[in-house]
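Here is how the chains run, residue by residue.
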Amino acid sequence: MQFVVEQHPNPTPAEQIAARLESPVFGRVFTDHMVTIRWSEASGWHDAKVEARRPFQIDPACAVLHYAQEIFEGMKAYRREDGSIALFRPDQNAKRFRASAARMSMAELPEELFMQAIEALVDIDQAWVPGGDGSLYIRPFMFANESFLGVRASAEYLFCVIACPVGPYFKSGKSAVTVWVSDQYTRAAPGGTGAAKCGGNYAASLIAQTEASAKGCDQVVFLDAAQHRWIEELGGMNVFFVMDDGSLVTPPLSGTILPGITRASIIDLARKEGIEVKETPYAFDSWREDAASGRVKEAFACGTAAVVTAIGEVRHAGGEFTIGDGGEGQVTRRIRTLLTGIQRGKEADPSNWVWKLKSTKQA
Ligand code: PLP
Ligand code: COI
């Protein structure tokens, strides 16, 4: 599809961009442009545009405001040492975006169009991709845009991509984060929307995240909805455990957790390194006992925003416990170094996960 490109009339001057890239708070600084594509029952996908980032005008009866038909993705562009820009497995985000759309009865954006949109935005706003440890967080999303209060799938959708330069997700500056295990709230039930990246999942999780913050924790851990027993994932990350025999354990994709791209990549990388990975249910009680006995050596959270972050302390209604020495363990560090090395071009990329942007101007 042909994108109409309308350059921002007053783009941010280079020195102001440099100042904003210095230590951006996650999700607060935005680039100059956005991409939009519309869908309607009558016209299908149409009106693809790259334009200045600006507020939308939506009708008060806009369906998303009432019934929350909304999905999103999260991915990053990295500035490499040679100045070029790379994306990490964007094809997987395109695929998951379609799967989320299908679950939420929304129009499915063709994967090529998703990729075109991402490349168009990163291309026009490439001056905003930080170097060093920073990255450009890309947020594609889509919402029901029909003005209609009837309860059915919308007949119109608006797809949009925005981007923000980011530093580390956790501001704590610690080498490991503290998590709160929610015994009261669950994130997703069997048959529900847990595997879709829809805004509603996050809306429902906020009360537990607020509780976690009140307990002095960085993230919430959710247990399964049926038995409140099995560890599922964190509010915005998947989770892994490093056992004393060197193997990794991570909860299986049972339909109630997000199929993380970082999770899938770590499973692959670990197996290539000769590390055994078990995708198997793991109970919270086992975690507590295994941390005490030393059977669990390390635990880490992973996701696009969080990358690979060690979990040092676990708090719950019945007390708290420490994982290993409370800092980042060796296996966690090895996996973080490997993954970020591939993303940033410092390690070989045997599976071709990295997509180089064709037209980097500042190389
Ligand atoms: N689980 C949840 C609930 C998330 O929001 C995320 C982040 O996107 C992840 C897991 C990790 O997914 P990914 O590695 O694809 O970013
Ligand atoms: C991501 O990692 O992309 C997410 O969506 C998680 C969110 C906590 C920012």
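The structure displayed is predicted, hence computed values, not measured ones. (Residues numbered from 1 in each chain as written. Chains lettered and ligands numbered in written order. Predicted model: local features only at pLDDT ≥ 70, side-chain atom pairs only at ≥ 80, totals over all residues. Heavy atoms only, no water.)

Describing the packing of helix H3 (residues 90–103) against helix H4 (residues 111–124)
Packed helices, taken two at a time, are described by their axes: the angle between them and the distance between them.
Point 1. At a closest axis distance of 9 Å, the pairing of H3 and H4 adopts a crossing angle of 125°. Classed by the angle they form, the pair H3 and H4 counts as oblique. As for how H3 packs across H4, the hand of that crossing is right-handed. Along its contact with H3, which presents Pro-90, Asp-91, Asn-93, Ala-94, Lys-95, Phe-97 and Arg-98, the element H4 presents Glu-111, Phe-114 and Met-115. (Axes fitted to C-alpha atoms, helices over the stretch in contact; angles between N-to-C directions. Helix = DSSP H or I, 4+ residues; strand = E, 2+ residues; numbered from the N terminus. Parallel < 35°, antiparallel > 145°, perpendicular 65-115°, else oblique. Left-handed = near helix turned anticlockwise from the far one by under 90°. Contact = heavy atoms within 4.5 Å.)

With respect to a nonpolar patch on the surface
Point 1. A cluster of nonpolar side chains, contributed by Tyr-67, Leu-149 and Val-151, occupies part of the molecular surface with about 330 Å² of accessible area.
Point 2. By the secondary structure assignment, Tyr-67 is in helix H2 (residues 64–67). (Patch = residues over 30% accessible without salt bridge, like charges linked within 9 Å, V, L, I, M, F, W, Y side chains within 5 Å. Areas by Shrake-Rupley, 256 points an atom, 1.4 Å probe, with all protein chains shown as cover. Salt bridge = Lys/Arg side-chain N within 4 Å of Asp/Glu carboxyl O.)

A closer look at the site of ligand 2
Point 1. Phe-26, Phe-72, Gly-74, Tyr-137, Arg-139, Tyr-169, Lys-197, Gly-236, Thr-304 and Ala-305 make up every residue found near ligand 2.
Point 2. Here Tyr-137 contributes a side-chain N or O atom positioned 2.6 Å from an oxygen atom of ligand 2.
Point 3. At 2.8 Å, a backbone N or O of Ala-305 approaches an oxygen atom of ligand 2.
Point 4. A total of 280 Å² of accessible area belongs to ligand 2 in isolation, and the protein chains cover 89% of it.
Point 5. Within the shell around ligand 2, the residues separate by chemical class into five nonpolar, three polar and two charged. (Near = heavy atom within 4 Å. Polar contact = N/O pair within 3.5 Å; in protein donor to acceptor, adjacent residues only side chain to side chain. Nonpolar A, V, L, I, M, F, W, Y, C, P; charged D, E, K, R; others polar.)

Examining the side chain of Thr-36
Point 1. Following the sequence through the fold, Thr-36 ends up in strand S2 (residues 33–40).
Point 2. Of note is the side chain of Thr-36, whose polar atom sits 2.9 Å from the side chain of Glu-51.

Observations regarding helix H5 (residues 199–214)
Point 1. Across its 16 residues, H5 extends 23 Å between first and last C-alpha, which sits within 8% of the 22 Å expected from 1.5 Å per residue.
Point 2. By the largest-angle criterion, Leu-206 marks the main kink of H5, which is about 40°.
Point 3. Contacts from the buried residues of H5 go to strand S4 (70–72), strand S9 (176–181) and strand S10 (219–223).
Point 4. One or two positions beyond H5, positive phi appears at Gly-216, with a value near 80°. (Expected span 1.5 Å × (residues − 1). Bend = angle between axes of the 7 residues up to and from the residue.)

Describing the nonpolar core
Point 1. Core analysis: the largest hydrophobic core is formed by 56 residues, its most contacted members being Val-35, Ile-37, Trp-45, Val-122, Met-142 and Phe-159.
Point 2. Considering each element in turn, this core owes the most residues, nine residues, to H4.
Point 3. Summarising the domain contributions, this core has at least three residues from each of domain 1 (4–167) and domain 2 (176–343).
Point 4. Core analysis: the next-biggest nonpolar cluster, separate from the first, contains 25 residues, Phe-170, Val-179, Val-181 and Ile-231 among them. (Core = buried A, V, L, I, M, F, W, Y, C linked by side-chain atoms within 4.5 Å. Buried < 20%, exposed > 50% of the residue type's maximum accessible area, 1.4 Å probe, protein only. Domains from an automatic or database assignment.)

Overview of the environment of Lys-297
Point 1. Within the secondary structure layout, Lys-297 lies in strand S15 (residues 296–303).
Point 2. Overall, the relative accessible area of 44% leaves Lys-297 in the partly exposed class.
Point 3. Between the C-alpha atom of Lys-297 and that of Tyr-137, which follows or precedes it by 160 residues, the distance is 31 Å.

Focus on the packing of helix H6 (residues 261–272) against helix H8 (residues 330–343)
Point 1. Interhelical geometry of H6 versus H8 gives an angle of 110° and a closest axis separation of 11 Å. Here H8 runs roughly perpendicular to H6, going by the angle between their axes. Residues Thr-262, Ser-265, Ile-266 and Leu-269 of H6 touch H8, and the partners they reach there are Ile-335, Leu-338, Leu-339 and Ile-342.
Point 2. Of the residues that constitute the contact of H6 with H8, the class distribution is six nonpolar, two polar and no charged.

Thoughts on the packing of aromatic side chains
Point 1. Throughout the structure, instances matching the rule amount to 19 aromatic pairs.
Point 2. Aromatic side chains Trp-39 and Tyr-157 sit 5.7 Å apart centroid to centroid with 45° between the ring planes, which places their arrangement in the tilted category. Here the residue Trp-39 occupies a position in strand S2, and Tyr-157 occupies one in strand S8 (residues 156–166), the gap between them amounting to 118 residues. The same class applies to Trp-39 as to Tyr-157, namely buried.
Point 3. Three or more aromatic residues joined by ring pairs form one cluster here, namely Phe-241, Tyr-282, Phe-284, Trp-287 and Phe-321.
Point 4. Taking NZ or CZ as reference, Arg-53 lies 4.2 Å from the ring centre of Phe-30, over its face. (Phe/Tyr/Trp six-rings, centres within 6.5 Å; stacked < 30°, edge-to-face > 60°. Lys NZ or Arg CZ within 6 Å of the ring centre and 35° of its normal.)

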